[in-house]
Amino acid sequence: MPEPRNGVRIGFYVCHCGHNIASMVDCPAVAAYAATLPNVAVSRDYKYLCSDPGQELIKRDIAELGLSHVVVASCSPLLHEHTFRSATEAGGLNPYCFHMVNIREHDSWVHTDRRLATEKAKALARAGIRRVAHHQPLEMKRVPIHPDVLVVGGGIAGIHAALTLASAGKKVYLVEREPSIGGHMAKFDKTFPTLDCAACILTPKMSAVRSHPNITLWSYSEVVKTDGYVGNYTVTVRRKPRYVIEELCVGCQECIDSCVYKKPMFPDEFNEGLGKRKPIHIPFPQATPQVVLIDPEVCLNFKRGVLTDKCKKTCVEACAERKAIDFNQKEELKEIKVGTIIVATGFQPFDVKRVPQYGYGTYPNVYTALEAERLVNASGPTSGEVVLRDGRHPNAIAIIHCVGSRDRKTNRWCSRVCCMYSMKLAHLLKEHSGAEVYNFYIDIRAPGKGYEEFYDKLNEEGVHFIRGRVGEVTDWAMTPEEEGKLVIRVEDTLAGFVRRIPVDMVVLSTGLEPHSDAQSVRRMFNMSCGTEGFFLERHPKLAPVNTYTDGVFIAGCCQGPRDIPDTVAQAGAAAAEAMALIDRGHIDQEPNTARILADCSGCKSCIPLCPYTAIAFDSATQKAVINEALCKGCGTCVGSCPSGSIIQNLFDDEEVFGEIQGVLADEPN
Amino acid sequence: MKLAYFPGCSLKGLGRAYEESLLPVMKHLGVELVELDDWNCCGATAYMAVDEVKACVLAARNLALAEKTGQQQLMAPCAACYLVLNKAKHYFHDYPAIKKTMDHALAAIGLKYDGDTAVRHPLDVLLTDVGLEAVRQKVVRPLKGLKVAPYYGCQIVRPYATFDDQYNPTAMDKLLEALGATVVRYPLKTKCCGGSLTGTVPAAGMRMVYILLNEARKRGADCLATVCPLCQFNLDAYHAKVASQYGPVRVPTVYFTQLMGLAFGLPEKELGLNRSAIRLDWRPEPVPTPASKEAVTA
Ligand SMILES: Cc1cc2nc3c(=O)[nH]c(=O)nc-3n(C[C@H](O)[C@H](O)[C@H](O)COP(=O)(O)OP(=O)(O)OC[C@H]3O[C@@H](n4cnc5c(N)ncnc54)[C@H](O)[C@@H]3O)c2cc1C
C-alpha cells in the first residue's frame, strides 16, 4: 500500500444507479473497502448520486470534512463527469481535483457474476483513488467560436437548417452536391398524409435560400477537406464546373432551345431517366439556383469530357452578350472558416437490382417508387399521366412494400416512410389512372399524426391491401387472363393461401439506405456510423442531432430513415444546437493540454509529429513551445519526446502509473 | 486442375448420363476428377428429412475421405449431394453440438474432418476456375439455333448461394451462350420440379412437371438444360402421364454437360444422349472436315 500523501483527503462515493449498478455490484462493500485505503477521508454509497441530494452530499462533505479530492464510481464519464465536476467546484474545490470511475458500462452492465463484479469495482475504485491523489488544480481553456456555419446537403433538412440559422442572423454556407438544392422532396408530387403539393411547400423555401443575404449557396459542389476543431474549422469546398458562369446566367434557357440537339436525347436524372434532356439543361423548372449546366459527357463541344471546340456553339450565340457560357471553366477550390457544421446529406434509395425476383430491368413495367413519383407528377415526363414504358395505360397496379427493407439478405431495418409513401402513391395512381391498386405489405406502419386516418381513407377508397411478402413478379402465365400480364405471386398470410394476381404495372417501394459514400463523408467530418451505415448520433434519445465530434451536427435521413416532418424538426434542432454554441461566443476546452518542461533539449522531434501544428521552436530559448490554444491533448508529442520533457495535464506519469498500479495491486480486499 | 469427385448414387444409376457426359467434358477441359475411394450415400433423399444429424454424419464421412486424399476441393455434380455436403459443412461450423456428433462418429471409424474441403458444383468450377473463354475455345460445333431453357432447380443456389444469385442464377445461362446456344428467358428456372411428390402425391407432382414443361414449350425452347438428376428424371419420365392429364408438352430435358459434349464435338455415343425417354434429336452442324467441305461443294 502506498504511503498516504500529506494534505490529501479524498471523498469516495459509489452510486447504486437504482438497480443498474447495485444489482450486480455490492455497493456498500465497495464503499467499506474504499474507506480502508490511504488518504480516503470519507467513503459512502448512495442510491442516485447524480440527483440533487446526491450532489449536495458531496458538497457538504467537502466543506465539513475538508476534502481535497473527490472520486465518484458510477456511470460513464460521458454521461455525468460534468455533473460531478460541477458539484466538486460548487463545494469549493477545483473541478479537476475530481476523478470518475465507470462501474456501470465497464462493470455491472457487462458481467453476470456478482462476486467478481464487486471485486472489479473495488479494483477500479482503488485505481481512481490512487490516481486522484496526484490531481492538481487546472484551469479551463477558452477559445472563441467562429460564428459562421457550414451546412452540407441541400435537401429539406439542409434547407430548413440553413434558413433557421440565417434568419437568426448567422452566416451560412450551404454546400449541395447536385446542380440544384431540393433533395428527394423536390421530386415528389404530393406529400403524405395531407397530400399537399410538395413543390408548393418546398419551392418557396428554395428561393428563400437563394435570396437570403446570409446564405452563400454553392450547388454542384462538394466538401473535400475539413481541418480544425469545434469553433474553428477550416473547410475546403470543390466547385465543379458547370461550364456556365453562375453570376452571369439569368436562367432564360434560350441556350437550351437553341442547342444543336433539336430534341432532348439523354436520360434526365431528375426524372429518374423516364424523361430526356439535352446536353445543356436545367434539372427542373424550379431548380435553385436557376442556372443551366452543360454535361460534358454528351455535349458535342467535348469528347468524353475533354474540350474539342468542334460544335457550332449555337448556345453561345443564343446567350449573346450575356456571355454566361464558358467552356473553359475549371473546377475551383474554396477555403472557408466556420465554427460549426451541420451534415444533412440524406439517403439513397435501395438498389432494386439486388432483388432480381421482382423483375426490375427484366420487365419494363416494373418501376421504382421514385420513378412512380415522377410518373404521377404534373411536371414529370408524362405530365402526370400514368403511361407505361410500353405505352399502355394500366388497369391494375401492384405496389410492393418493404423492398430491400426488413430482410436479413438486404437491409434489416424498417425504412419507416415506405408504408406511408406507398399509400400516397396508391391514392395518386388510382386517381390518375382509375386502375385497381393492390398493396402488398408485411405490416402497415402508420404511426404519426393523421397517418392511421390516411390508411383508413385508402381502405374506403377501395385500394386493396394484401398481407404477405411478395415471392416474385413474373410473366409466367397460367391462365388466359394472366397472358401478357405481370403476375404477383404472394402468400396471402391473412387468407392463408398462395395467390397469383395479374397486374399491368408494379411499383417497388424501395427502402432508404445510407449513401454509398457515407464512409468517406463520415471520415471527412470525423463522425461515426452505426452498423447499418447511417451517421451515429451522440445519444439515441438525449443527443439525437449531436455527434461524437463537438460542433458537428446531423439532421435528416443521413442519421436514419424518417419522413419530412421529422426531418424538419431535426433540422431545426441541429440549427438550435449550433446557435447555442455560437451565441455562447466561446467554448471551454479541457485543460488536458501538453506543456514543455525546462529540460527540453531542443531536438525538435516533436514538432513535425503534432497533427495540430501546435508546437513551435523558440530560437531564443532553444526549446520547443506549445500553443495551448491549438493543442488538442492527443498526447503524440508526450509519447515521442526522447527526454521525457513533455507533460500532459491529467495524464502525467504519476497519475497514469498511480491508476495502473491501483488497478493491478494485489491487495487483500 | 485436379479435384476429388463425389458421384453419388444417382450418377451411377438413373442419372448415369450425367456422369457419362461430365467426365469426358471435364477431361477435355483439362480438369482431372479423382473419384473418392469408398464413398457412401451423401445423406440426401429421405434421410435429411428424417434425421438431420445422422444425414450430416453420413455426409461428413465423405468430406473426411476427401480431406484424407489431400485434395482441397470436392466436386459434387448432383444437386442433392452438392446441397447436403455443403449443409454438413455449414452445420459443422455453425452448430457445435452437431460437430461433436460428427467428430465422435468419424473417430469411431478412424476418420477426422477438419471442415476445410470446399464442395464445388461443376458450374462453379466451369465459370470460376476454367473460365468461359476456355470453354468457348473448345467449341467446335456451336449450338447455333438451339433454344435452351436453363433450369437450375431448387438446390444449388438455396439456401446457400455460394457462386450464383439465389433468385436469378445465371451461371448456366452464360455457359450455354458460350456454347453458341440461344438462351430462352425462363422465369421458372428455380421453381420446384416436383421432387419426390411425383412418387408420393402424383397429382401435385404431375402438375408441377407440367407447369415447367409447358412454360418451356410456350417460350419456344427446344429443350431444358438441367444440373440435377432428380429434375431430369421428373421432367423426362412422366410425359405420358402429364399428356393424359394436360395434353402433350413434348420438350426433352438434358444435362448441361451433354450440351457441352455436343458443342465440343465429343463422340455422341459417349454422352448418354440415348438414355432419356424423350430424346433431344437436334444436332449441331458437324465439324467441318476437308472431306465434308468437298462433299458440300460437289
Ligand atoms: C419514394 C419516396 C417518397 C416519399 N414521400 C414522402 C412524403 O410524401 N412525405 C414525407 O414526409 N416523406 C416522404 N419521403 C421521405 C423523404 O424523402 C425524406 O424524409 C426527406 O427527403 C429527407 O430529407 P433529407 O434532406 O434528409 O435528405 P434528401 O432529400 O436525401 O436530401 C439530401 C441532399 O443532400 C445532398 N447530398 C448528399 N450527399 C452530399 C454530399 N456528400 N455533399 C453535398 N451534398 C450532398 C443530396 O444531393 C440531396 O440534395 C419519401 C421518400 C421516398 C423514397
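Residue indices begin from 1 for each chain and proceed along its sequence in written order. Numbering of ligands from 1 and lettering of chains from A proceed in the order in which they are written. In view of the model being predicted, local features appear only for residues whose pLDDT reaches at least 70, and side-chain atom pairs are presented and counted only at 80 or more, with totals across whole chains, interfaces and linings using the full set of residues. By convention in this description, side-chain values take in all heavy atoms of the structure and omit both hydrogens and water.

On to the overall build of chain A, then. Regarding its fold elements, chain A presents 17 helices and 36 strands. Based on the C-alpha atoms only, the size of chain A along its principal axes is roughly 95 × 70 × 40 Å. Among the 669 residues that make up chain A, the fraction classed as buried is 54%. It only takes one pair of heavy atoms within 4.5 Å for two residues to be counted as in contact. The long-range share in chain A, meaning contacts at least 24 apart out of those at least 6 apart in sequence, stands at 69%. Positive charge is attributed to Lys and Arg, negative charge to Asp and Glu, and no charge count is given to His or to the chain ends. Charged side chains are reduced to one point each, which is NZ for Lys, CZ for Arg, CG for Asp and CD for Glu. Across chain A, the mean location of the 75 positive side-chain charges is 3 Å away from that of the 80 negative side-chain charges. Numbering of helices and strands starts at the N terminus; helices are DSSP runs of H or I of at least 4 residues and strands are runs of E of at least 2. Throughout, exposure labels follow a simple rule: accessible area from a 1.4 Å probe, protein chains only, divided by the maximum for the residue type, with under 20% read as buried, over 50% as exposed, and the rest as partly exposed.

What follows deals with the pairing of strand S7 (residues 172-175) of chain A. Across a regular strand the side chains alternate sides, sitting on one face of the sheet and then on the other. All names here are of chain A. Burial of S7 is two-sided: the residues Val172 and Leu174 facing one way and the residues Tyr173 and Val175 facing the other way are all buried. Think of it like this: strands point away, you trace from the first strand over the helix to the second, and a clockwise trace means the crossover is right-handed. In this fold, strand S6 (residues 149-152) hands off to helix H7 (residues 156-167), which returns the chain to S7; that crossover is right-handed. Think of it this way: DSSP has to see at least two bridges between two strands before they count as a pair. Pairing geometry for S7 and strand S10 (residues 215-218), over four bridges, is parallel. Residue pairing across strands places Val172 opposite Ile215, the latter belonging to S10.

All names here are of chain A. With omega at -15°, the peptide bond leading from Phe192 into Pro193 counts as cis. Going from Thr288 to Pro289, the amide bond is cis rather than trans, its omega being 0°. Mapped onto the secondary structure, Pro289 falls in the loop between strand S15 (280-281) and strand S16 (293-294). In this structure, Cys17 is a non-glycine residue whose phi angle is positive, near 50°.

Residues and elements named next belong to chain A. Here is the rule: rings of Phe, Tyr and Trp (six-membered ring for Trp) pair when centre to centre is within 6.5 Å. Planes less than 30 degrees apart are stacked, more than 60 are edge-to-face, and the remainder are tilted. Considering all chains together, one arrives at 20 aromatic pairs over all chains under this definition. Ring geometry for Tyr438 against Phe440: centres 6.5 Å apart, planes inclined by 20°, an arrangement best described as stacked. Owing to a relative accessible area of 17%, Tyr438 belongs among the buried residues under this scheme. Classification of Phe440 by relative accessible area gives buried; the value is 1%.

A residue's pLDDT is the predictor's confidence in that residue, given on a scale from 0 to 100. Counting all residues, the mean pLDDT for chain B is 94, and 97% of those residues have values of 70 or more. Interface predicted TM-score (ipTM) for the complex: 0.87; the corresponding pTM is 0.87.

Contacts between the two partners involve 13 residues from chain B and, on the opposite side, 13 residues from chain A. Summed over both partners, buried area is the accessible surface (1.4 Å probe) that two parts give up on being assembled. When the buried area of chain B at its contact with chain A is split by residue, Tyr167(B), Arg185(B) and Lys218(B) rank highest and sum to 42% of it. We count a salt bridge whenever a side-chain nitrogen from Lys or Arg sits within 4 Å of a carboxyl oxygen from Asp or Glu. Counting the contacts that link chain B with chain A gives three salt bridges. Of the charged contacts, one joins Asp475(A) and Arg219(B) as a salt bridge, the two residues approaching to 2.6 Å between their closest N and O atoms. Side-chain atoms alone can form a polar contact between residues adjacent in sequence; in general such a contact is a pair of N or O atoms within 3.5 Å, and within protein one must be able to donate a hydrogen while the other accepts it. At the surface where chain B touches chain A, the tally comes to six residue pairs in polar contact (both at pLDDT 80 or more). Classifying every residue of the side of chain B that touches chain A by side-chain character gives four nonpolar, two polar and seven charged. When residues are grouped by polarity, Ala, Val, Leu, Ile, Met, Phe, Trp, Tyr, Cys and Pro land in nonpolar, Asp, Glu, Lys and Arg in charged, and all others, Gly among them, in polar.

Residues and elements named next belong to chain A. Where each domain begins and ends follows an automated or database-derived domain assignment. Here chain A is partitioned into domain 1 (10-138), domain 2 (141-240 + 331-347 + 515-585), domain 3 (254-318), domain 4 (351-513) and domain 5 (594-649). Here the C-alpha centroids of domain 3 and domain 4 sit 34 Å apart. Contacts between domain 3 and domain 4 engage five residues on the former and eight residues on the latter. With both chains or domains summed, domain 3 and domain 4 bury close to 600 Å², and 66% of this area falls on carbon and sulfur atoms. Considering only the side of domain 3, the residues that lose the most area to domain 4 are Asn271, Glu272 and Leu274, jointly responsible for 78% of the buried surface there. Counting the contacts that link domain 3 with domain 4 gives zero salt bridges. Inspection of the region where domain 3 meets domain 4 yields one residue pair in polar contact (both at pLDDT 80 or more). Residue composition of the side of domain 3 that touches domain 4, by class: two nonpolar, two polar and one charged.

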